[in-house]
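# Architecture and fold: a report
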Amino acid sequence: MTEAVTVYVRAGDVDSALMLRHLEERGIQHTVRDVTTDPSASAVLFGRLGRIAVPALQVGERLMVGYDPLQLARFLPVGGAEEPVVSFGAAVRSVSPALAQERGLPYVMGVEVGPVRAGSAADAAGVLPGDLITQIGAYSLQGGAEQFRAAIAARHPGDVMELTVRRGTEERVLVVEFPKPAPAADQTGS
């Protein structure tokens, strides 16, 4: 049995809108409760958190506050087996303290890119072996390779992912596009 998903939002809140879009794009059935029009929604949050904070996502008895696509991948129920998967197309490993110091990072963060598969999403975005990926969108990669892999696992065909990459002493932003599968060929024949 699938656990009920409830999202607590506030009308006009940007993060609330992003959370709702995230759930809708992934086809996750959910109940929406607006804290500005539903006093009992405010009471639930105040009772659980001691404050009213939105967006908040409740799955069963678990509660997550804030819109963070990386954490949503871990928090939300896993979809059916038919869910298409995407591939980044490059090996990554967590940045070590020695590598962070060698490359001039302010602290240990990110992943180092290894071999990049030709024709992959990483290759098309211009990711090169030896690049250090330090951010996904606005979020710093402080969880290393595990966090990066969770971020990839949260993506679907057609999604894009903005990466901040350190190449030598230069930082650049690359956009990775995960292609949608090609439509199946018409099998009607002649």
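To keep things clear, this report deals only with the structure shown in the data block. Just so you know, these numbers come straight off a predicted model, no measurement behind them.

So, on to the environment of leucine 57. Within the fold, leucine 57 resides in strand E3 (residues 56-59). Along the sequence, leucine 57 and valine 32 sit 25 residues apart, while their C-alpha atoms lie 9.6 Å from each other. Not counting residues within four places of it along the chain, the set of residues in contact with leucine 57 comprises Val5, Thr6, Val7, Met19, Leu23, Arg62, Leu63, Met64, Leu72, Phe75 and Leu76.

This paragraph deals with the nonpolar core. Counting residues in hydrophobic clusters, the biggest one holds 24 residues, and the most contacted among them are Phe88, Ile133, Ile136, Phe148, Met161, Leu163 and Val176. Going through the elements one at a time, strand E5 (90-94), strand E6 (111-116), helix H5 (121-125), strand E7 (132-136), helix H6 (144-153), strand E9 (160-167) and strand E10 (170-177) are the ones with two or more residues in this core. The greatest single-element share of this core, amounting to four residues, is contributed by H6. Once residues lying within four places of it in the same chain are set aside, the contact partners of phenylalanine 88 are Ser120, Ala121, Ala122, Val127, Ile133, Phe148, Ile152, Leu163, Val176 and Phe178. Core analysis: the next-biggest nonpolar cluster, separate from the first, contains 14 residues, Leu20, Leu57, Met64 and Tyr67 among them.

Taking 1.5 Å of rise per residue, the 12 residues of helix H1 (residues 14-25) would be expected to cover 16 Å, and the 16 Å separating its terminal C-alpha atoms lies within 8% of that figure. The complete set of buried residues in H1 reads Ser16, Met19, Leu20, His22 and Leu23. Around the axis of H1, the buried residues are gathered within 155° of arc, so they sit on the same side. Facing away from the buried side of H1, by more than 90 degrees, are the exposed residues Val14, Glu24 and Glu25. Buried residues belonging to H1 abut strand E1 (5-9), strand E2 (31-34), E3 and helix H3 (69-75). The positive-phi residue at the C-terminal boundary of H1 is glycine 27, with phi of around 65°.

With respect to the secondary-structure elements, arginine 155 resides in the loop between H6 and E9. One buried charged residue, arginine 155, remains without a salt bridge, the closest side chain of opposite sign being aspartate 159 at 4.9 Å. If we skip the residues at most four places from it in the chain, arginine 155 touches Leu70, Val86, Ile136, Val160, Met161 and Phe178.

Now for unusual backbone geometry. Backbone torsion omega between valine 54 and proline 55 reads -10°, so that peptide bond is classified as cis. Positionally, proline 55 belongs in the loop between helix H2 (39-49) and E3.

All right, on to the sheet that holds strand E4 (residues 62-65) then. Strand order in the open sheet formed by four strands is E2-E1-E3-E4, with mixed pairing between adjacent strands. Each having just a single partner strand, E2 and E4 make up the two edges of the open sheet. Averaged over all pairs of adjacent strands, the angle between their axes in this sheet comes to 20°, without regard to strand direction. Looking at chain direction, E1 and E3 are connected through four bridges and run antiparallel. Residue pairing in the sheet places tyrosine 8 in a bridge with alanine 56 of E3. Seen against the sheet, H2 touches E1, E2, E3 and E4 and runs at an angle of roughly 95° to E4.

Our focus in this paragraph is the environment of alanine 17. Within the element layout of this structure, alanine 17 appears in helix H1. Along the backbone, alanine 17 and alanine 124 are 107 residues apart, and their C-alpha atoms lie at a distance of 30 Å.

Conventions adopted
- Residues numbered from 1 in each chain as written.
- Predicted model: local features only at pLDDT ≥ 70, side-chain atom pairs only at ≥ 80, totals over all residues.
- Heavy atoms only, no water.
- Helix = DSSP H or I, 4+ residues; strand = E, 2+ residues; numbered from the N terminus.
- Contact = heavy atoms within 4.5 Å.
- Core = buried A, V, L, I, M, F, W, Y, C linked by side-chain atoms within 4.5 Å.
- Buried < 20%, exposed > 50% of the residue type's maximum accessible area, 1.4 Å probe, protein only.
- Expected span 1.5 Å × (residues − 1).
- Arc of directions from axis to C-beta.
- Lys, Arg positive; Asp, Glu negative; His and termini not counted.
- Salt bridge = Lys/Arg side-chain N within 4 Å of Asp/Glu carboxyl O.
- Pairing = 2+ DSSP bridges.
- Axes fitted to C-alpha atoms, helices over the stretch in contact; angles between N-to-C directions.

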